[in-house]
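Tertiary structure, described
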Amino acid sequence: MTTMRELRQAAGLSQEKLAELAGTSQPQINKLETGQRKMTVDWAVKLARPLGVEPATLLGLDAPAAPPATARPARPALPPLLRTAQGPQTQAASSMPVRAAARGGVDQEMFLEDGPIDWITRPDYLKNARDPYAMYVVGDSMMPRFRPAQLLHVNPHKPPAPGAGVVVVKRNKAVLVKEFVRRGADAVILREYRPADREFAVPLEDLDTLHTVVGLQEP
């Protein structure tokens, strides 16, 4: 596996320059390179762009190539969450894409990254589901229910029941992983656990997609 130090050197960056581009400090970069600090999903997303690699590379995942076009059955259009600037992503019946989000802006909202960062085998309970996907948890607002670096399995066509985990994407592409409480006449009510256990509303006019979490796997 290519190390982070090798990736940085191949990009022609010093530790100081990489730290500047990633919005962190040189000591933090050194700790990541020497193994004193664990490479998390949050760090991988933050460092991938200046290093010119996918987050999966930094996480030590070998992202397989998408299945050959001849092996892909024709599929219906994907829901909005799975669309990219290059057009809808297709997938083999036995696999599903892994999505990621990155922090952005002063309010630290998470924003959906374009395109899959990896492909994984579908679990049996999603074998017959239409357009399932997986998504890494970033941030701790849903601890202890969902923890950073867990991989959520999502069924975009299953209506959420009260208490279900959901992936919410706003029209500005900000993405939230929360607990579904209820749908009102003009807003969806969600719950988060940190920094305080609270319910809050996302106006329907701001809502793009609302997808149900049906399972997860540990990192």
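So, here is what we can say about the structure in this document. (Residues numbered from 1 in each chain as written. Predicted model: local features only at pLDDT ≥ 70, side-chain atom pairs only at ≥ 80, totals over all residues. Heavy atoms only, no water.)

The secondary structure content of the chain amounts to 5 helices and 13 strands. Taking as baseline every contact in the chain between residues at least 6 positions apart, the subset at least 24 positions apart corresponds to 55%. Element-wise, carbon and sulfur atoms account for 50% of the exposed surface of the chain, whose accessible area totals about 11,300 Å². (Helix = DSSP H or I, 4+ residues; strand = E, 2+ residues; numbered from the N terminus. Contact = heavy atoms within 4.5 Å. Areas by Shrake-Rupley, 256 points an atom, 1.4 Å probe, with all protein chains shown as cover.)

Along helix H3 (residues 26–34), the positions that sit buried rather than exposed are Ile-29, Leu-32 and Glu-33. Buried residues along H3 cover an arc of 95 degrees about the axis, so they all sit on one side. One or two steps after H3, the chain reaches Gly-35, where phi turns positive at roughly 85 degrees. (Buried < 20%, exposed > 50% of the residue type's maximum accessible area, 1.4 Å probe, protein only. Arc of directions from axis to C-beta.)

Okay, the environment of Glu-54 next. Within the element layout of this structure, Glu-54 appears in the loop between helix H4 (41–51) and helix H5 (55–58). Classification of Glu-54 by relative accessible area gives partly exposed; the value is 43%. Each C-alpha atom of the pair Glu-54 and Ile-117 lies 6.5 Å from the other, and the pair is 63 residues apart in sequence. Those residues in contact with Glu-54 that sit more than four places away from it in its chain are Ala-48 and Ile-117.

Before going further, it helps to examine unusual backbone geometry. Here the amide bond leading from Met-143 into Pro-144 is cis, since omega sits at 5 degrees, within 30 degrees of zero. As for its position among the elements, Pro-144 is in the loop between strand S7 (133–136) and strand S8 (151–155). Cis peptide bonds are those with omega within 30 degrees of zero, and the linkage from Arg-194 to Pro-195 qualifies with 0 degrees. Here the phi dihedral of Asp-131 falls at roughly 60 degrees; this positive angle occurs in a residue that is not glycine. With respect to the secondary-structure elements, Asp-131 resides in the loop between strand S6 (118–121) and S7.

With that settled, consider the packing of helix H2 (residues 15–22) against H4. Where H2 contacts H4, the axes come no closer than 9 Å and their chain directions differ by 115 degrees. The chirality of how H2 crosses H4 is right-handed. The residues of H4 that touch H2, namely those facing Leu-18, Leu-21 and Ala-22, are Lys-46, Leu-47, Pro-50 and Leu-51. (Axes fitted to C-alpha atoms, helices over the stretch in contact; angles between N-to-C directions. Left-handed = near helix turned anticlockwise from the far one by under 90°.)

Let us look at the nonpolar core. By size, the foremost hydrophobic cluster in this structure holds 29 residues, and its most contacted members are Val-98, Phe-146, Leu-152, Val-167 and Val-175. Looking at this core, the elements that each hand over two or more residues are H4, strand S3 (95–99), S7, S8, strand S9 (165–170) and strand S10 (174–183). (Core = buried A, V, L, I, M, F, W, Y, C linked by side-chain atoms within 4.5 Å.)

The subject of this paragraph is the pattern of salt bridges. Under the criterion given, the structure shown has 13 salt bridges. For the salt bridge of Glu-20 with Lys-17, the shortest nitrogen-to-oxygen distance reads 3.7 Å. In this pair, Glu-20 and Lys-17 are both assigned in helix H2, 3 residues apart and thus about one turn of the helix distant. By relative accessible area, which is 35% here, Lys-17 ends up partly exposed. Between Lys-178 and Glu-192 there is a salt bridge, with its nearest N and O atoms 2.6 Å apart. In this pair, Lys-178 sits in strand S10 while Glu-192 sits in strand S11 (residues 187–192), placing the two residues 14 residues apart along the sequence. Salt bridges sharing common partners tie together Arg-145, Glu-179, Arg-191 and Asp-197. (Salt bridge = Lys/Arg side-chain N within 4 Å of Asp/Glu carboxyl O.)

Attention shifts here to the packing of H2 against H3. Closest axis-to-axis distance for the H2/H3 pair is 8 Å, and the angle between their directions is 110 degrees. The orientation of H2 relative to H3 falls into the category roughly perpendicular. Here Gln-15, Glu-16, Leu-18 and Ala-19 of H2 lie close against H3, whose contacting residues are Gln-26, Ile-29, Asn-30 and Glu-33. Considering only residue class, the contact of H2 with H3 consists of 3 nonpolar, 3 polar and 2 charged. (Parallel < 35°, antiparallel > 145°, perpendicular 65-115°, else oblique. Nonpolar A, V, L, I, M, F, W, Y, C, P; charged D, E, K, R; others polar.)

Quick look at the pairing of strand S12 (residues 198–203) now. Here S11 runs beside S12; their pairing, made up of 6 bridges, is antiparallel. Among the inter-strand pairings, Val-188 is bridged to a residue of S12, identified as Val-202. (Pairing = 2+ DSSP bridges.)

A few words on the environment of Ala-101. If you trace the backbone, Ala-101 turns up in strand S4 (residues 101–104). Residue class for Ala-101 comes out buried when judged on its relative accessible area of 3%. For the pair Ala-101 and Val-45, spaced 56 residues apart in sequence, the C-alpha separation works out to 7.6 Å.

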